[in-house]
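# Coordinate analysis (summary)
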Amino acid sequence: MSQQAEQVKTSMGGCDHNDESLTRNEKLVVDVLSREDGPMKAYELLAALKDKGVKAPMTVYRALDRLEAKGLVHKLDGINAFVICNHDEPHRVQIFLICTNCSHVEEVREHDVANLDWNTISKLGDPIGFKAEATRIEVRGTCAKCQET
Ligand SMILES: [Zn+2]
Ligand SMILES: [Zn+2]
């Protein structure tokens, strides 16, 4: 689990005012994603949150949008699923290793990698006046477990 998620979890244990930056729904989503060892689709999150009183898909989508903006959660466009961030701080370069066999996703962890060459990447749009905000790299392949079998 990432330190960010750990902090969120810790603050959940005590009094809610400790972490006013996250709404109740956002905390619930972070909690479920932190316990899951891998990506989750929005409808899976919704199913997991049903007994917590979260019943509207929009509630989950809104929480995911905000968590993504805060850098706590990443969306994997290629497989249309969400993972908890394993970095301590929001980072602009996000790299994921995705197993095409079992769908396991590992976020590349090293902090340096998280900011890998952002200077170069962010300037790619300069000639047409495009303002870059972040980039996400999805590396496809086979995880160690799947190579064994
Ligand atoms: Zn991350
Ligand atoms: Zn695999």
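To start, this report covers the structure provided alongside it. (Residues numbered from 1 in each chain as written. Chains lettered and ligands numbered in written order. Predicted model: local features only at pLDDT ≥ 70, side-chain atom pairs only at ≥ 80, totals over all residues. Heavy atoms only, no water.)

## Some details on the packing of helix 2 (residues 24-35) against helix 4 (residues 57-70)
- Following both chains from N to C, one finds helix 2 and helix 4 inclined at 80°, their axes separated by 9 Å at the closest point. Taken together, the axes of helix 2 and helix 4 lie roughly perpendicular to each other. Mapping the contact onto sequence places Asn25, Glu26, Val29, Val30 and Leu33 in helix 2 and Thr59, Ala63, Leu64, Arg66, Leu67 and Lys70 in helix 4.
- The residue inventory of the contact of helix 2 with helix 4, partitioned by class, reads six nonpolar, two polar and three charged. (Axes fitted to C-alpha atoms, helices over the stretch in contact; angles between N-to-C directions. Helix = DSSP H or I, 4+ residues; strand = E, 2+ residues; numbered from the N terminus. Parallel < 35°, antiparallel > 145°, perpendicular 65-115°, else oblique. Contact = heavy atoms within 4.5 Å. Nonpolar A, V, L, I, M, F, W, Y, C, P; charged D, E, K, R; others polar.)

## So, unusual backbone geometry
- Positive phi outside glycine occurs at asparagine 80, with the angle close to 50°.
- Inspection of the secondary structure puts asparagine 80 in the loop between strand 1 (73-76) and strand 2 (81-84).
- Judged by its relative accessible area of 44%, asparagine 80 is partly exposed.
- The backbone of serine 103 sits at a positive phi, close to 65°, despite the residue not being glycine.
- Residue serine 103 is classed as partly exposed on the basis of its relative accessible area of 39%. (Buried < 20%, exposed > 50% of the residue type's maximum accessible area, 1.4 Å probe, protein only.)

## Remarks on the pairing of strand 3 (residues 93-99)
- The element strand 3 is largely enclosed, with a buried count of six among its seven residues.
- Judged from the seven bridges that link them, strand 3 and strand 5 (residues 135-141) form a sheet pairing that is parallel. For valine 93, the partnering residue across the bridge sits in strand 5 and is threonine 135.
- Alignment of strand 3 against strand 4 (residues 105-107), held across three bridges, turns out to be antiparallel. Paired with isoleucine 98 across the strands is valine 105, a residue of strand 4.
- The hairpin turn running from strand 3 into strand 4, its antiparallel successor, is five residues long, and serine 103 in that turn takes a positive phi close to 65°. (Pairing = 2+ DSSP bridges.)

## A few points about helix 4
- Its 14 residues give helix 4 an end-to-end C-alpha distance of 20 Å, which sits within 8% of 20 Å, the value for a rise of 1.5 Å per residue.
- Turning to helix 4, the residues buried within the fold contact helix 2, helix 3 (42-49), strand 1 and strand 2.
- Positioned one or two residues after helix 4, glycine 71 has a phi angle of 85°, which is positive. (Expected span 1.5 Å × (residues − 1).)

## Some details on the sheet that holds strand 5
- Sheet architecture is open: three strands sit in the order 4-3-5, paired in mixed fashion. Each of the sheet's edge strands pairs with one partner strand only, and the pair in question is strand 4 and strand 5. The average undirected angle you get between the axes of adjacent strands in this sheet is 25°.

## Let's talk about the side chain of glutamate 26
- With respect to the helices and strands, the residue glutamate 26 is situated in helix 2.
- Classification of glutamate 26 as buried rests on a relative accessible area of 0%.
- Setting aside residues no more than four positions away along its own chain, glutamate 26 makes contact with Ser21, Ala63, Arg66, Leu67 and Lys70.

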